[in-house]
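Given next are the chains, with one letter for each unit.
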Amino acid sequence: MQATFHIQANSDRQRGTALIMSLVILTLLTILGVSALNISSMRSLITRNDQQKQQSFGSAESALKLGQMYAESLVNPPISNGVLSDGSSKTGVYVYSGSGLYKDVSTLAWSGSDSIAAANGRYIVEFLGERPASGGDPSVKVLYYRIVAQSSTGGVGTNTLLEGTLGVAKGP
């Protein structure tokens, strides 16, 4: 009978160990599942932010191209901020002062009348000056413009500024 008693005692101890091991394994699996969920959530946020940046960049690039086309269409160069040489008024057109920095785009009210609206973005055109065209007719001048485009589409905190310089030949 003693042999049966020892087998029963070992069996009771093994049942307690199996319970503890099961709880430890269950805890580890829970931690692993929660970690996988957090990683998946983080990857989703990263993907969304990347998509918002791409959308904002695309909108700013589109506005920049529209700004370049607008600058090419100006028949008369600006003589002062918002005023062309023919006396007409144009919103979002500026003239470089010739000293110091270019137009400070950080002070512009991009959503207001300081800029020109484009599809999902805005832009300004800054006249930098003119020079005679190289090697050719001296009456042909090249008008230089700085175009700055801005877009904040895509979400909060997604703001993209793009800048380009354009030379437009004008003459008789």
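Notes on the structure follow. (Residues numbered from 1 in each chain as written. Predicted model: local features only at pLDDT ≥ 70, side-chain atom pairs only at ≥ 80, totals over all residues. Heavy atoms only, no water.)

## Describing the overall build of the protein
When helices and strands are counted, the protein shows 1 helix and 7 strands. The helix and strand sequence of the protein, counted from the amino end, reads α-β-β-β-β-β-β-β. Of all 172 residues assigned to the protein, the portion counted as buried reaches 27%. Of the contacts formed within the protein by residues at least 6 apart in sequence, a portion of 52% connects residues at least 24 apart. Of the roughly 11400 Å² of accessible surface on the protein, a fraction of 58% belongs to carbon and sulfur atoms. (Helix = DSSP H or I, 4+ residues; strand = E, 2+ residues; numbered from the N terminus. Buried < 20%, exposed > 50% of the residue type's maximum accessible area, 1.4 Å probe, protein only. Contact = heavy atoms within 4.5 Å. Areas by Shrake-Rupley, 256 points an atom, 1.4 Å probe, with all protein chains shown as cover.)

## Some remarks on a nonpolar patch on the surface
The grouping of Leu 19, Leu 23 and Leu 26 at the surface amounts to a nonpolar patch, some 310 Å² of accessible area in total. By secondary structure assignment, the location of Leu 23 is in helix H1 (residues 2-73). (Patch = residues over 30% accessible without salt bridge, like charges linked within 9 Å, V, L, I, M, F, W, Y side chains within 5 Å. Salt bridge = Lys/Arg side-chain N within 4 Å of Asp/Glu carboxyl O.)

## Some details on the side chain of Ser 151
Turning to its location among the elements, Ser 151 is positioned in strand E6 (residues 141-151). For Ser 151, the side chain forms a polar contact with the main-chain oxygen of Asn 120, separated by 3.1 Å. Leave out the neighbours within four places in its chain, and Ser 151 touches Ser 56, Ser 59, Ala 60, Asn 120, Gly 121, Thr 158, Asn 159 and Thr 160. (Polar contact = N/O pair within 3.5 Å; in protein donor to acceptor, adjacent residues only side chain to side chain.)

## Focus: the side chain of Ser 115
Here Ser 115 shows up in the loop between strand E3 (93-95) and strand E4 (116-118). Of the residues examined, Ser 115 reaches a relative accessible area of 3% and is grouped as buried. For Ser 115, the side chain forms a polar contact with the side chain of Arg 122, separated by 2.6 Å. When near neighbours in sequence (up to four residues on either side) are disregarded, Ser 115 contacts Thr 91, Gly 92, Ala 109, Trp 110, Arg 122, Tyr 123 and Ile 124.

## Concerning the nonpolar core
Grouped burial of nonpolar side chains is what soluble globular proteins tend to show. Counting 19 residues, the largest nonpolar core has Tyr 70, Ala 71, Tyr 123, Val 125, Tyr 145 and Ile 147 as the members making the most contacts within it. Only H1, E4, strand E5 (121-132), E6 and strand E7 (160-170) provide two or more residues apiece to this core. The greatest single-element share of this core, amounting to 5 residues, is contributed by H1. Other than its neighbours up to four places away in sequence, Ile 147 contacts Leu 64, Gly 67, Gln 68, Ala 71, Ile 124, Val 125, Leu 162, Glu 163, Gly 164 and Leu 166. Judged by nonpolar contacts, the second largest core, of 6 residues, contains Tyr 94, Val 105, Leu 108 and Trp 110. (Core = buried A, V, L, I, M, F, W, Y, C linked by side-chain atoms within 4.5 Å.)

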